[in-house]
Amino acid sequence: MIDKSVLDQHNLTEDEYRLIVELIGKEPNLTELGIFSVMWSEHCGYKSSRVHLKKLPTEGPRVVQGPGENAGVLDIGDGQVVVFKIESHNHPSFIEPYQGAATGVGGILRDIFTMGARPIAVLDSLRFGPPDDPKNRSIMEGVVSGIAGYGNSIGVPTVGGEVYFDPCYELNPLVNVFCLGLADRDKIFLAKAEGAGNKVLYVGAKTGRDGIHGATMASAEFGKETEHKRPNVQVGDPFKEKLLLEACLEVMDRSLIVGIQDMGAAGLTCSTTEMAAKGGMGIDVDLDKVPQREAGMTPYEILLSESQERMLMVATPENVPAVQEVFAKWDLDAPVIGEVVAGGRARMTFRGEVVVDIPVDAVVNLCPAYDRPIAPPPPPPPAPALADLPLPDDLGEALLKVLGSPTIADKQWVFRQYDHMVQVNTVFLPGADAALLRIKGSKKALAVTLDGNSLYTRLDPRTGARIAAAEACRNLAVVGARPIGVTNCLNFGNPEKPEVMGQFEQAVTGMAEACRTFGIPVTGGNVSFYNDTEGLSIHPTPVLGVVGLLDDIGKAVSPGFKAAGDDVILIGESFEELGGTEYLKTVHGLEAGAPPAIDLELEKRTQEYLLETIDTGLLRSAHDLSEGGLAVALAESAFHSDRKLGCEVDLDGELRADALLFGESQSRVVVTCRKADAAGLLRLASRRGVPAKLIGRVGGRDIALGRGGRDLLRVPVERAFRVWKDSLPAFFKVPA
Amino acid sequence: MKFGVVRFPGSNCDFDTVHALRDVLKRKTVILWHKDHDLQGVDCVVLPGGFAYGDYLRAGAIARFSPLMQEVQAFARDGGRVLGICNGFQILLELGLLPGAMLRNKDLKFLCQHVHIRVENERTDFTRALRKGQVLRIPIAHFDGNYYAPPRVLRELERNRQVVFRYCDAEGRLTEAANVNGSMANIAGIRNKDGNVVGLMPHPERASERILGSVDGRAIFESLILSLERSGPARRPAARTRARHDR
């Protein structure tokens, strides 16, 4: 009955099948095979990535919960914890952008409130093909409105994130959604089914045929036939999720349940078997009791459905009526569908017959891990010798070109579609280096950022991943927040291709090195392989979500210039590093060369210096240098200033002018301070071993950068602002 | 003095509104559950923002049938002050406590941003702490905020000075560009004829603390507090209001 073609449909190999037979001591029936296929999929089982992920540091004094639960948990003092995680929803978002992105938001929100935390912020890392192509625009419009449609409705602010454009994402856009929650430390719940005799409750939406094999779909390459997979994409109902959120938090707040798990990828299968395995128990489920949206569903379909907005809970028999009462208040049913039992087996019945009887340990914990063959990552296209690269005649025009490139241009077109203010905690609006959220009732605040430059990782995976971690942490440090933990979303191509595995291995290594140096634990995340469509892989795209903590929100620093006459200091050193830059890409049409080098120790010193100076209140503004280099950073600080203040900057040194202006050397930050404070800041920098130099002054109406008293470029702030501001909306203007 | 903030399934600015009234303005504030029939003796009812019933069918269309809305209607008829913010405004329109309707924003996109609004009528219980022509900077966050009313209703609104706020630029000019959602006559907020019911699309609770970037919204709550302090909860006997409605 189960032959090669059935295994192929389930994305299982013959070796894996033999292992299943050995582990469960019998030939699985089709339903049992379906269970293994999703639980042992790349998406759920991490079979290609596990051996490498072990390198990441996962421990630290604040870690309450590391990888392995629905989300990571960190102690932030005063009895409170933050709960956070990032997840990809790439494949569904390509097939059906609106629902794919919307259910991505829904899924990550459930991961957070499953643990007893109220979600307080969402950020997204989005990658699309260039917006001049209508197909890419349509995907982008769908994704953005899907995120908005779900997040706005449920009332969790989308406070920031990043949007990148590159041709490599044309047929494989990336939608990575991050969520942050806040909870009391003693109110954290885990996905454990404990206590024989305790009842298993099903809450939320009814089960339908949508999303069957979503996890398996996310674990294979895409071809031209992906249109047919549209029925595999689930449909979201944010209103239902809002009810579920409030009801779940209420039963958890009243300690009415023992354990809880959301039904995400692999639905009922995953939640029942994982909860049992984590509790060291077995579970009996009567599939006839599962609320169903459609008639005639088979056990296979019920178990593998990925219908949204569903949760599984375990409660003692005495508490069942109280739980059901809370759900009834929110117009939700909470039927008992099973029981926790001793013995470690999952037994499911359907119309009186046992249809599943397998050991949960085999399903959950014994998925094979592969140390797949590794080949060196594909080498970067060589950059032309700098001598052959023509210097633009007009560097001011070059700045405008870079500012107008979709990756750098203002993203308000995106962010204003998201409610980024609901819950009234948002202190920095989207567009700053990091999102900043106050914690009501305290002086503390949380800063969050997502980061990852995939061109760097394409050119050199290890350096690229180190930079991603460094820059994410720097984004927090410039605000005044100390990074306390990381979640990562690793988007890569097909792991069965040795060079893709090579990229993965190098990127994880680089990330581990950086996180160790900075002393920040990785508390979980998500791996998304098979980002290949029609045989082409995306750039390796590791995205980091980093959470930072500020003790005193009154000290937070924003990127905008504050007052004319303030001194401008450049922290860090500039080198002739044009490889992988946005300038090289937009002005010269090249994605080539080596990415900038990074010295992790220097980076750490630089961040410590920023935290120290911000704590003493000496910095008036601080902005990280990233894509577009010094010229773009200064322009952005001008745009962010209330009165659009310009700056007059005079540099020195022998670098090529374009490398000086647009090079992306790492560990650099532009800060401003009162004139009287500059000398002290420079002295402290030198004591801390951090290069820093006074380079100019805030003021005037131009962004002016020169060398040795001669202008290299001079552009009116207002003109640059218009280019930066109008670029993205222009792509979406409906012709009159 | 006691405020009541109604919680519908899908409300999401309920906590924020309670925070502004209770924690920032230090007024007694209770949550009113939509399934109840009890207004708990509040002096002012606030319908908060959000997506009551998911905004399914039409924003506010299902929420108007919530049991508590019978009490809110009676309360309003008796002269009790009712403030509808964003989704609350949409619900007031569906309830018929305010005239007109909301269309999708002119660009067919959800809009979350700070806007400027001009105080058109400072002689209401909701604006008495403000000056006529004063410009407030205050956030909006909605998909359906494009106010529409038939010409006859619009004329009546203007004649009775029922327009309370209009979208304007930073200098107070009523420009097309400032009218981001495309509302008729730049309307951002209106009152009923009796002046005890006001709805507005902008969110005053999001502009009530300095740390959030603006305190301009606080004056709306402060006006309400002033009014409640001066004249007590309801101003007119119920019978008179009913008679007017019967005509």
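Residues numbered from 1 in each chain as written. Chains lettered and ligands numbered in written order. Predicted model: local features only at pLDDT ≥ 70, side-chain atom pairs only at ≥ 80, totals over all residues.

**Quick look at the overall build of chain A**
Link 1 in the chain: When its secondary structure is counted, chain A shows 25 helices and 28 strands.
Link 2 in the chain: Expected size for 736 residues packed as a compact globule is a radius of gyration near 27 Å; at 26 Å, chain A falls within 12% of this value.
Link 3 in the chain: Counting the 736 residues in chain A, one finds 64% classified as buried.
Link 4 in the chain: Looking at chain A alone, contacts between residues at least 24 apart form 84% of all its contacts between residues at least 6 apart. (Helix = DSSP H or I, 4+ residues; strand = E, 2+ residues; numbered from the N terminus. Rg over C-alpha atoms; globule rule 2.2 N^0.38 Å. Buried ≥ 20, exposed ≤ 12 C-beta atoms within 10 Å, placed from the backbone. Contact = placed C-beta atoms within 7 Å.)

**A word on the overall build of chain B**
Link 1 in the chain: Regarding its fold elements, chain B presents six helices and eleven strands.
Link 2 in the chain: Over its C-alpha trace chain B gives a radius of gyration of 16 Å, about what one expects of a compact globule, namely 18 Å for 247 residues.
Link 3 in the chain: Across its three principal axes, chain B shows a C-alpha extent of roughly 45 × 45 × 35 Å.
Link 4 in the chain: By residue count, 54% of the 247 residues in chain B fall in the buried class.

**Focus: the confidence of the model for chain B**
Residue and element names in this part refer to chain B.
Link 1 in the chain: The predicted model of chain B has a mean per-residue pLDDT of 93, with 94% of residues at 70 or higher.
Link 2 in the chain: For residues 235-247, every residue scores under 50 in pLDDT, and the model assigns this stretch ten contacts once sequence neighbours within four places are set aside.
Link 3 in the chain: Here the complex is predicted with pTM 0.94, and the ipTM for its interfaces comes to 0.92. (pLDDT = per-residue confidence, 0-100.)

**Some words on the pairing of strand 25 (residues 669-673) of chain A**
Consecutive side chains along a regular strand alternate between the two faces of the sheet.
Residue and element names in this part refer to chain A.
Link 1 in the chain: Among the five residues that make up strand 25, five are buried, leaving the element largely enclosed by the rest of the structure.
Link 2 in the chain: Neither face of strand 25 is exposed, since V669, V671 and C673 on one face and V670 and T672 on the opposite face are all buried.
Link 3 in the chain: Pairing geometry for strand 22 (residues 567-571) and strand 25, over five bridges, is antiparallel. In the strand pairing of strand 25, I571 is matched with V669.
Link 4 in the chain: Where strand 23 (residues 621-624) and strand 25 come together, four bridges link them in antiparallel fashion. By the bridge assignment for strand 25, H623 is matched with V670. (Pairing = 2+ DSSP bridges.)

**Focus: the interface of chain A and chain B**
Link 1 in the chain: Taken residue by residue, the interface counts 23 residues in chain A and 22 residues in chain B.
Link 2 in the chain: Every element with two or more residues in the side of chain A that touches chain B is listed here: helix 8 (134-154) and helix 10 (238-253) of chain A.
Link 3 in the chain: Counted by class, the side of chain A that touches chain B contains twelve nonpolar, six polar and five charged residues. (Nonpolar A, V, L, I, M, F, W, Y, C, P; charged D, E, K, R; others polar.)

**Things to note about the nonpolar core**
All names here are of chain A.
Link 1 in the chain: Core analysis: the largest hydrophobic core is formed by 318 residues, its most contacted members being M39, L399, A447 and A469.
Link 2 in the chain: When residues of this core are assigned to their parent elements, the largest contribution, ten residues, is made by helix 19 (residues 498-518).
Link 3 in the chain: The contact partners of A447, leaving out residues within four places of it in the chain, are A434, A435, L436, L476, V479, A481, G548 and L550. (Core = buried A, V, L, I, M, F, W, Y, C linked by C-beta atoms within 7 Å.)

**Digging into the sheet that holds strand 13 (residues 353-359) of chain A**
Residues and elements named next belong to chain A.
Link 1 in the chain: On the basis of which strands lie adjacent, the open sheet formed by seven strands has the order 8-10-7-11-9-12-13 and mixed pairing. Of all strands in the sheet, those with a lone pairing partner are strand 8 (259-262) and strand 13, marking the two edges. Strand after strand, the sheet turns through a mean of 20° between neighbouring axes, direction not considered.
Link 2 in the chain: Where strand 9 (residues 282-286) lies against strand 12 (residues 345-350), four bridges are found, and the strand directions are parallel. Within the sheet, the bridge partner assigned to D284 lies in strand 12 and is R347. (Axes fitted to C-alpha atoms, helices over the stretch in contact; angles between N-to-C directions.)

**Points about the environment of M263 of chain A**
Residues and elements named next belong to chain A.
Link 1 in the chain: Within the secondary structure, M263 sits in the loop between strand 8 and helix 11 (267-279).
Link 2 in the chain: Since 27 C-beta atoms lie within 10 Å of it, M263 is described here as buried.
Link 3 in the chain: As a C-alpha pair, M263 and Q308 span 45 residues in sequence and 7.5 Å in three-dimensional space.
Link 4 in the chain: Beyond its immediate chain neighbours, meaning those up to four positions away, M263 contacts L268, S271, R310, M311 and L312.

**Side note on the sheet that holds strand 24 (residues 647-651) of chain A**
Residues and elements named next belong to chain A.
Link 1 in the chain: On the basis of which strands lie adjacent, the open sheet formed by seven strands has the order 23-25-22-26-24-27-28 and mixed pairing. The sheet is open, and its two edges are formed by strand 23 and strand 28 (710-716), each paired on a single side. Within this sheet the neighbouring strands show an average axis-to-axis angle of 20°, counted without direction.
Link 2 in the chain: As judged from the six bridges shared by strand 27 (residues 702-707) and strand 28, these two strands associate in the antiparallel manner.

**Looking at the packing of helix 7 (residues 97-113) of chain A against helix 10 of chain A**
All names here are of chain A.
Link 1 in the chain: Remark: helix 7 packs on helix 10, axes separated minimally by 11 Å, with the N-to-C direction vectors making an angle of 5°. With respect to each other, helix 7 and helix 10 are oriented roughly parallel. Between helix 7, through G106, L109 and F113, and helix 10, the contact on the second element is made entirely by P238, E241, L245, C248 and L249.
Link 2 in the chain: Residue composition of the contact of helix 7 with helix 10, grouped by class: six nonpolar, one polar and one charged. (Parallel < 35°, antiparallel > 145°, perpendicular 65-115°, else oblique.)

**With respect to the environment of T533 of chain A**
Link 1 in the chain: Assignment of secondary structure puts T533 of chain A in strand 19 (residues 532-533).
Link 2 in the chain: In the structure, T533 of chain A is positioned 361 residues away from N172 of chain A in sequence and 6.4 Å away in space, judged by C-alpha atoms.

**Quick notes on unusual backbone geometry**
Link 1 in the chain: Even without a glycine there, the phi angle at Y46 of chain A is positive, about 50°.
Link 2 in the chain: Along the chain, Y46 of chain A falls in the loop between helix 4 (42-45) and helix 5 (50-53).
Link 3 in the chain: For Y46 of chain A, a count of 18 C-beta atoms within 10 Å puts it in the partly exposed group.
Link 4 in the chain: The phi torsion at N186 of chain B lies on the positive side, around 55°, for a residue other than glycine.
Link 5 in the chain: Residue placement: N186 of chain B occurs in the loop between strand 9 (163-168) and strand 10 (187-191).

**Quick notes on the packing of helix 8 of chain A against helix 10 of chain A**
All names here are of chain A.
Link 1 in the chain: Direction vectors running N to C along helix 8 and helix 10 enclose 35°, while the axes themselves pass 9 Å from each other. Helix-helix and strand crossings are classified by hand; for helix 8 and helix 10 the assignment is right-handed. Counting all contacts with helix 8, which are made through G149, Y150, S153 and I154, the residues of helix 10 involved are P238, F239, E241, K242 and L245. (Left-handed = near helix turned anticlockwise from the far one by under 90°.)

**With respect to the environment of Q324 of chain A**
Residue and element names in this part refer to chain A.
Link 1 in the chain: Inspection of the secondary structure assignment puts Q324 in helix 13 (residues 320-329).
Link 2 in the chain: C-beta crowding within 10 Å serves as the criterion here: with 20 such atoms nearby, Q324 is assigned to the buried category.
Link 3 in the chain: Each C-alpha atom of the pair Q324 and V251 lies 9.4 Å from the other, and the pair is 73 residues apart in sequence.

**Topic: helix 25 (residues 717-732) of chain A**
Link 1 in the chain: The largest bend in helix 25 of chain A comes to about 40°, at D726 of chain A, with the proline P729 of chain A one to four residues further on.
Link 2 in the chain: Buried positions along helix 25 of chain A lie against helix 15 (395-404), helix 16 (412-415), helix 22 (629-640), strand 27 and strand 28 of chain A. (Bend = angle between axes of the 7 residues up to and from the residue.)

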